[in-house]
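Survey of secondary and tertiary structure
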Amino acid sequence: MTGAGHETSTGQALSGAGWLDVHFEACRPEYEEMLRFVGVPPGSRALDAGCGSGGYLTQLSDLVGASGSVHALDLAPENIALVEERRASGELPRLAEARVGTLTELPYPDDSFDVLWCANTTQYLDDAEFENALAEFQRVTRPGGVVAVKDVDVMLARLYPADPFLFPHLCEASLWADPDDAQSRGSLRGRELRRWLERSGLHEVRQRTTMIERWAPLQPVERRFFADWLSHLAGLAEERGVPEADLATWRSLRDPDSPDHPLDRLDSYACEAQVVAVGSVPKRTGVVES
Ligand SMILES: C[S@@+](CC[C@H](N)C(=O)[O-])C[C@H]1O[C@@H](n2cnc3c(N)ncnc32)[C@H](O)[C@@H]1O
């Protein structure tokens, strides 16, 4: 892990490889189903924009098959270095290239890809940046190709036993504390994704929300993921001024390895929710067909 917020050298929280690998493993069945929902045709040239440590690259490689190729991009150089290591070890035979770059200025020519997949990365963008990114996604994906955006909707998260308003209170306190904090807003955008994609000009947009629900006894990787995530949120709760009544719960979640951790109760339940929205790139206006 790279620190309490699991950040990378870019300073972004929850973007370090150790954290991402645990998160992906804990949610793997639902996460893989979300990419299957996109429909990646064999033979596609696919971009994983915001690839992190490469959790999705193996499945993307399998989906595009021997006649396709996968490209990977991320803002954090250390994540790209890790993906390069995995390629060098022969783990990712379809990976054509991995690059450092940003969603808002993609380093690829127009119409480079058949499929663009962007998972849990647009949450770091403010609204104007997200709009730019969606325009970039369409520019680098060919007409008729597919753009898919997946992200969290933190308002659907739940911990039991705990006040059902624990997460909504934190969301609200975060926005009161800093209305311009991009990730606080971005983590609320999940269920809006379909409308964002439609407004950006994508066609035939569809959306699916997935609840990743885990009941006690949690598997070790599930416990690690939820305990680390809740510990990070507990730090934010202290900083951002949640209601006094919630603080006792957040404090009980601060130490992920506590022997009295609420996740270890026999009746515990934890849930995070993720949304994927998929659209197709329309024909370019002003392009004359021969
Ligand atoms: C939460 S991780 C998700 C990683 C991976 N897509 C997954 O689902 O496991 C977000 C990733 O996006 C990257 N990132 C954040 N802002 C970015 C930007 N503007 N352009 C490209 N990558 C970005 C971070 O470095 C991090 O690796």
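Worth saying up front: this structure is predicted, and the values here are computed from it rather than measured. Per chain, the residues get numbers from 1 upward, laid out in the order the sequence is written. Where local features are concerned, this predicted model is filtered to residues with pLDDT of at least 70; where side-chain atom pairs are given and counted, the filter is 80 or more; whole-chain, interface and lining totals use all residues. Where side-chain values are given, they derive from all heavy atoms of the structure, hydrogens and water being excluded.

Side note on the side chain of arginine 189
Within the element layout of this structure, arginine 189 appears in the loop between α6 (182-186) and α7 (193-199). Here arginine 189 falls in the buried class, since its relative accessible area comes to 3%. If we ignore the near neighbours within four places in the chain, the residues touching arginine 189 are Thr122, Gln123, Leu125, Asp126, Asp127, Phe130 and Trp196. Labels follow the DSSP assignment, with helices taken as runs of H or I lasting at least four residues and strands as runs of E lasting at least two, numbered in each case from the N terminus. The rule is simple: take the accessible area with a 1.4 Å probe, protein chains only, and divide by the maximum for that residue type; under 20% is buried, over 50% is exposed, in between is partly exposed. Should any heavy atoms of two residues lie within 4.5 Å, those residues are considered in contact.

Brief notes about a negative patch on the surface
Without a salt bridge and with relative accessible area above 30%, a residue can belong to a patch; like charges are then joined within 9 Å and nonpolar side chains (Val, Leu, Ile, Met, Phe, Trp, Tyr) within 5 Å. For every accessible area listed, the method is Shrake-Rupley and the probe measures 1.4 Å; residues are considered covered only by the protein chains on display. Between Lys or Arg on one side and Asp or Glu on the other, a salt bridge is scored when a side-chain nitrogen of the former is within 4 Å of a carboxyl oxygen of the latter. Under the convention used here, Asp and Glu are negative, Lys and Arg are positive, and both His and the chain ends fall outside the count. Every charge is mapped onto a representative atom, which is NZ of Lys, CZ of Arg, CG of Asp or CD of Glu. Together, Asp126, Glu129, Asp178 and Asp180 line one region of the surface with negative charge. Given the relative accessible area of 69%, aspartate 180 is considered exposed.

Notes on the packing of aromatic side chains
Only rings of Phe, Tyr and Trp enter the pairing, Trp through its six-membered ring, and a pair is recorded when the two centres are within 6.5 Å. The plane angle decides the type: under 30 degrees is stacked, over 60 is edge-to-face, the rest tilted. Counted according to the given criterion, the structure contains 13 aromatic pairs. Summarising the aromatic geometry, the rings of tryptophan 19 and phenylalanine 225 are spaced 5.6 Å apart at their centres and angled 50° between planes, so their arrangement reads as tilted. Here tryptophan 19, found in helix α1 (residues 17-38), pairs with phenylalanine 225, found in helix α8 (residues 220-240); they are 206 residues apart in sequence, far enough to count as distant. For the pair shown, tryptophan 19 and phenylalanine 225 are each scored as buried. Judged by centre distance (5.8 Å) and plane angle (25°), the rings of phenylalanine 167 and tryptophan 229 are stacked. With phenylalanine 167 in helix α5 (residues 166-177) and tryptophan 229 in helix α8, this pair connects stretches of sequence that are 62 residues apart. The exposure classification of phenylalanine 167 matches that of tryptophan 229, with both residues buried. What links up through ring pairs into an aromatic cluster is the set Trp19, Phe167, Phe225, Phe226, Trp229 and Trp250. In this scheme, the term charge over a ring applies when either NZ of a lysine or CZ of an arginine sits within 6 Å of the ring centre and within 35 degrees of the ring normal. Here the basic side chain of lysine 150 rests over the ring of tyrosine 31, its NZ or CZ set 3.6 Å away from the ring centre. Cation over ring: arginine 189 sits above tryptophan 196, and NZ or CZ is 5.4 Å from the ring centre.

Things to note about the site of the ligand
Each residue is tested against the molecule or strand, and it is near if at least one of its non-hydrogen atoms lies within 4 Å. Around the ligand sit 20 residues in total, of which Gln12, Gly50, Asp74, Asn79 and Ala119 are the nearest. Between N or O atoms, a polar contact is any pair within 3.5 Å; within protein, one atom must be a potential hydrogen donor and the other a potential acceptor, and residues adjacent in sequence are included only when both atoms are from side chains. In the environment of the ligand, a nitrogen atom lies 3.2 Å from a nitrogen or oxygen atom belonging to the side chain of glutamine 12. Here a nitrogen atom of the ligand and a backbone polar atom of leucine 103 are 3.0 Å apart. Residues that form the shell around the ligand fall into these classes: ten nonpolar, nine polar and one charged. When residues are grouped by polarity, Ala, Val, Leu, Ile, Met, Phe, Trp, Tyr, Cys and Pro land in nonpolar, Asp, Glu, Lys and Arg in charged, and all others, Gly among them, in polar.

Comments concerning the packing of α5 against α8
Only the contacting stretch of a helix is used when fitting its axis, a line to C-alpha atoms as for every element, and angles between N-to-C directions run 0 to 180 degrees. Contact geometry for α5 and α8: axes closest at 9 Å, N-to-C directions at 50°. Relative to α8, the element α5 is oriented oblique. As α5 runs across α8, the sense of the crossing is left-handed. Every residue of α8 that contacts α5 at Phe167, Leu170, Ala173, Ser174 and Ala177 is listed here: Trp229, Leu230, Leu233, Leu236, Ala237 and Arg240. A per-class count over the contact of α5 with α8 returns nine nonpolar, one polar and one charged. By the definition adopted for this analysis, an angle is roughly parallel if under 35 degrees, roughly antiparallel if over 145, roughly perpendicular if from 65 to 115, and oblique otherwise. A crossing counts as left-handed when the near helix is turned anticlockwise from the far one by less than a right angle, and as right-handed when that turn is clockwise.

Remarks on the state of the cysteines
What counts as a disulfide here is a pair of cysteine sulfur atoms lying within 2.5 Å. Tallying each qualifying case throughout the model produces zero disulfides. The thiol of cysteine 171 is unpaired, and the distance to the nearest cysteine sulfur, on cysteine 271, comes to 13 Å. A residue is classified by how much of its surface remains accessible, and cysteine 171, at 11% relative accessible area, is buried. Take cysteine 271: it sits in no disulfide, and the sulfur closest to it among the cysteines is that of cysteine 27, at 9.8 Å. Classification of cysteine 271 as buried rests on a relative accessible area of 1%.

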